[in-house]
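# Residue-level structure breakdown
The primary structure of each chain is shown beneath.
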Amino acid sequence: DPAAMAEPPDALVVSEGLLGLLSEKELEAVLLHELAHLANQDGVSKAFTGVLSRLLFFDPFLRLLHRASHREREHRADEETAKAMGGGLPLASALETLRGGVSPSGEGESVTNHPPLEERISRLRT
């Protein structure tokens, strides 16, 4: 399956399926998106809120906070990618290419933790 993910503290994992699917600009956008996650130390925040939400699984506020935090990190990485590339079209195009049932970030998490793809694509196109 096509996938890319940031692996803290300083690694990116890219599948061969992704390399064969995306154009050079789309691949650059996806890699910049994942590098933004590393630069912002999103893995630490993700791990912290993930552990808390599992330990305190009965707390609905904490579950909402975990989801909102994850969505905010995705939007921030999208925005940083668009800024670095002079616009969001390459990342929007990559997300459209990956839309066919693949997790938007390749992280293997529930897609409910991600902002909806249509929302991300629309934000990147404006």
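Details of the structure are given in the entry above.
Everything numeric here is computed off the predicted structure, so don't read it as measured data.

Okay, the side chain of Ser-69 next. Counting through the fold element by element, Ser-69 comes out in helix H4 (residues 60–85). Contacts of Ser-69, omitting those with residues within four sequence positions, involve Ser-45 and Thr-49.

This part takes up the nonpolar core. Counting residues in each nonpolar core, the largest one holds 16 residues, and the members touching the most others are Leu-18, Leu-22, Val-30, Leu-91, Leu-95 and Leu-124. Elements represented by at least two residues in this core include exactly helix H2 (24–39), H4, helix H5 (89–98) and helix H6 (117–125). If you tally residues by element for this core, the top one is H5, at five residues.

Turning next to H5. Burial in H5 covers these residues: Pro-90, Leu-91, Ala-92, Ala-94, Leu-95 and Leu-98. Those residues of H5 hidden inside the fold are in contact with helix H1 (16–21), H2, H4 and H6.

We now examine the environment of Ala-6. Counting through the fold element by element, Ala-6 comes out in strand S1 (residues 4–7). Placed 33 residues apart in sequence, Ala-6 and Ala-39 show a C-alpha to C-alpha distance of 9.9 Å. Discounting residues that sit within four places of it in the chain, Ala-6 has contacts with Ala-11, Leu-12, Glu-34, His-37 and Leu-38.

What the rule picks out here adds up to eight salt bridges. Salt-bridge contacts for Arg-120 lead to Asp-78; the nearest nitrogen and oxygen are separated by 2.8 Å. Here Asp-78 lies in helix H4 and Arg-120 lies in helix H6, a separation of 42 residues in the sequence. Summarising the burial analysis for this pair, Arg-120 and Asp-78 share the class buried. Between Glu-96 and Arg-125 there is a salt bridge whose closest N-O contact spans 2.8 Å. With Glu-96 in helix H5 and Arg-125 in helix H6, this pair connects stretches of sequence that are 29 residues apart. Residues joined in a network through salt bridges with shared partners are Glu-96, Arg-99, Glu-118 and Arg-125.

How each quantity is defined
Residues numbered from 1 in each chain as written. Predicted model: local features only at pLDDT ≥ 70, side-chain atom pairs only at ≥ 80, totals over all residues. Heavy atoms only, no water. Helix = DSSP H or I, 4+ residues; strand = E, 2+ residues; numbered from the N terminus. Contact = heavy atoms within 4.5 Å. Core = buried A, V, L, I, M, F, W, Y, C linked by side-chain atoms within 4.5 Å. Buried < 20%, exposed > 50% of the residue type's maximum accessible area, 1.4 Å probe, protein only. Salt bridge = Lys/Arg side-chain N within 4 Å of Asp/Glu carboxyl O.

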